[in-house]
Amino acid sequence: MEDDDSRSEAAGRAAAIVGAGPAGLYALAALVREERFERIDVFEAAPAPYGLVRYGVAPDHPKTRNISRVLARGFEHTRVRFLGNVTVGRDVTVDELRAGYDAVVVSTGMLGDRRLGIPGEDLPGSFGASELVAWYTGHPEARAVELPARLTSATVIGAGNVALDIARILVKDATALRTTSMPRHVVEVLAASTVTDVHLVARRGPAQAKFTSPELHELGALDDVDLVVDPADLVLGPADEEAVAQDRHAKVTVDVCREWSQRPATDAPRRIHLHYWRRPVRILGATAVTGIELEPTRPGDAGPLTLPTQLVVRAIGYHGTPIPGLPFDDASGTVPSRDGRVLDDGAVIAGVYVTGWLRRGPTGVIATNRGDANEVAESVLADLDTLPERPSDPDGVDKLLAERGVRVVTWADWLRLEAHEKATGDAAGGDPIVVHDLAVALEVIDAAG
């Protein structure tokens, strides 16, 4: 029998947040701050919080990953719960959440990749960036990655920081990765890699690249790696000159690339080649990737270029995946919305909201999600007094998960897992080492409980 306090809490307002990445946890912070909800439950498919901060930021960027300390603050409130290892759309439906909560805020981000749409894209040895990133950050649902045998040349398509991250990870001395959070089996694969050349291919020029200054300078400071840039790619047209004059980031990229183009070769064991004004038109190979054909995108440039390569990674942007029970725009990879309110054929679905990449597309940096989440929280709070009365309560969702045998990971469970990761990292003389295997993570939690 329920006591008076639990009955009172069930009678109060309750919100569900789906996704414990930056977008969801910034939304949590905004809703907690206003104190309009007596209960806020945060659902997360992984057994750990923080989304792309944990499973998207490169392991050799620990300072960026430290934002998790800020994101964790929402769980200090007694009325907030973490329900990890729960996949909405599989373990519990959106409609079941709508029945138990006054407001449902979806912030699952984007886990898929945009496609190139060229022949050979599905050959073994061709990957989306999110596949490699999930593998080397230790996402529990990442599929095992086997680098091609006798890998000497890799090609990364893209002109953003994710492309830089992948290129850097592929050529970096594995000794430097042993003190990061990277799972040890990934470190061993990279240590055994025979890659000597990584080609970065950008459709436009350096003035339009989306690289940021710190990541560019980090690439240029890699030990035993030569940077190769064709000076002809750095000849700027009028539009490029205007971009450089108006945009400090564009100027930095052009200046850095010009400096790289003038560096003498040092016979370093590994090289990163930057190819601007090129786009892929075909990935070559019969049973696996053996090469890639590039064509110029700028009038007057030399004709097609064929690169021998055994690995192709497309880093041209993330793309959302549909969530059962929610409308989805496949063209943009987002859930249609207005001011964060989810739309179905233009009509608002009462009490359902979306924030983060799933709302606006894969744009901005981690902090961009704060403003986005605040806007959506304002919509939730503005609607709260007019939302339809829910037929059930959050306890009903708990019962459904229990009946379905879902092993829910609580915040206390996560803290146990986090402590284990820190201990293993300390023993290795570095950062906490991510436990990538779900079964092992649950064993660690149970052993520490």
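Scroll up to find the structure.
Structure report, in brief. (Residues numbered from 1 in each chain as written. Predicted model: local features only at pLDDT ≥ 70, side-chain atom pairs only at ≥ 80, totals over all residues. Heavy atoms only, no water.)

### Regarding the sheet that holds strand β10 (residues 270-275)
Then, in step 1: Overall, parallel pairing links the six strands, which are arranged β6-β14-β7-β8-β10-β9 in an open sheet. At either margin of the open sheet sits one strand with a lone partner, and together these are β6 (126-128) and β9 (225-229). Sheet twist, expressed as the average angle between the axes of neighbouring strands with direction ignored, equals 20 degrees.
Then, in step 2: Both strand β8 (residues 197-201) and β10 contribute to a ladder of five bridges, which runs parallel. (Pairing = 2+ DSSP bridges. Helix = DSSP H or I, 4+ residues; strand = E, 2+ residues; numbered from the N terminus. Axes fitted to C-alpha atoms, helices over the stretch in contact; angles between N-to-C directions.)

### Examining the packing of helix α12 (residues 238-246) against helix α13 (residues 248-261)
Then, in step 1: Where α12 meets α13, the closest approach of the two axes is 5 Å, and the angle between their N-to-C directions is 115 degrees. When the interaxial angle is binned, α12 and α13 end up roughly perpendicular. Where α12 approaches α13, its residues A243, V244 and Q246 are matched on the opposing element by R248, A250, K251 and V254.
Then, in step 2: Grouping the constituent residues of the contact of α12 with α13 by class yields four nonpolar, one polar and two charged. (Parallel < 35°, antiparallel > 145°, perpendicular 65-115°, else oblique. Contact = heavy atoms within 4.5 Å. Nonpolar A, V, L, I, M, F, W, Y, C, P; charged D, E, K, R; others polar.)

### Considerations on the pairing of strand β1 (residues 14-18)
Then, in step 1: When you tally the buried positions in β1, you get five out of five residues, the bulk of the element.
Then, in step 2: Burial of the side chains of β1 extends over both faces: A14, A16 and V18 are buried on one face and A15 and I17 on the other.
Then, in step 3: Inspection of the sheet shows β1 paired to strand β2 (residues 39-44) by five bridges, in the parallel sense. Residue pairing across strands places V18 opposite F43, the latter belonging to β2.
Then, in step 4: Taken together, β1, helix α2 (residues 22-34) and β2 constitute a β-α-β crossover, and its handedness is right-handed.
Then, in step 5: Relative to strand β4 (residues 103-106), β1 runs parallel, the two being bridged by four bridges. Among the inter-strand pairings, I17 is bridged to a residue of β4, identified as V105. (Buried < 20%, exposed > 50% of the residue type's maximum accessible area, 1.4 Å probe, protein only. Right-handed = clockwise from strand over helix to strand, strands pointing away.)

### Quick look at helix α18 (residues 438-448)
Then, in step 1: Turning to α18, its buried residues are A441, L442, V444 and I445. Seen end-on, α18 carries its buried residues on one side only, within an arc spanning 155 degrees. Among the exposed residues of α18, those pointing more than 90 degrees away from its buried face are E443 and A447.
Then, in step 2: Where α18 is buried, its residues contact α17 (411-428). (Arc of directions from axis to C-beta.)

Keep in mind these values describe shape, not function.
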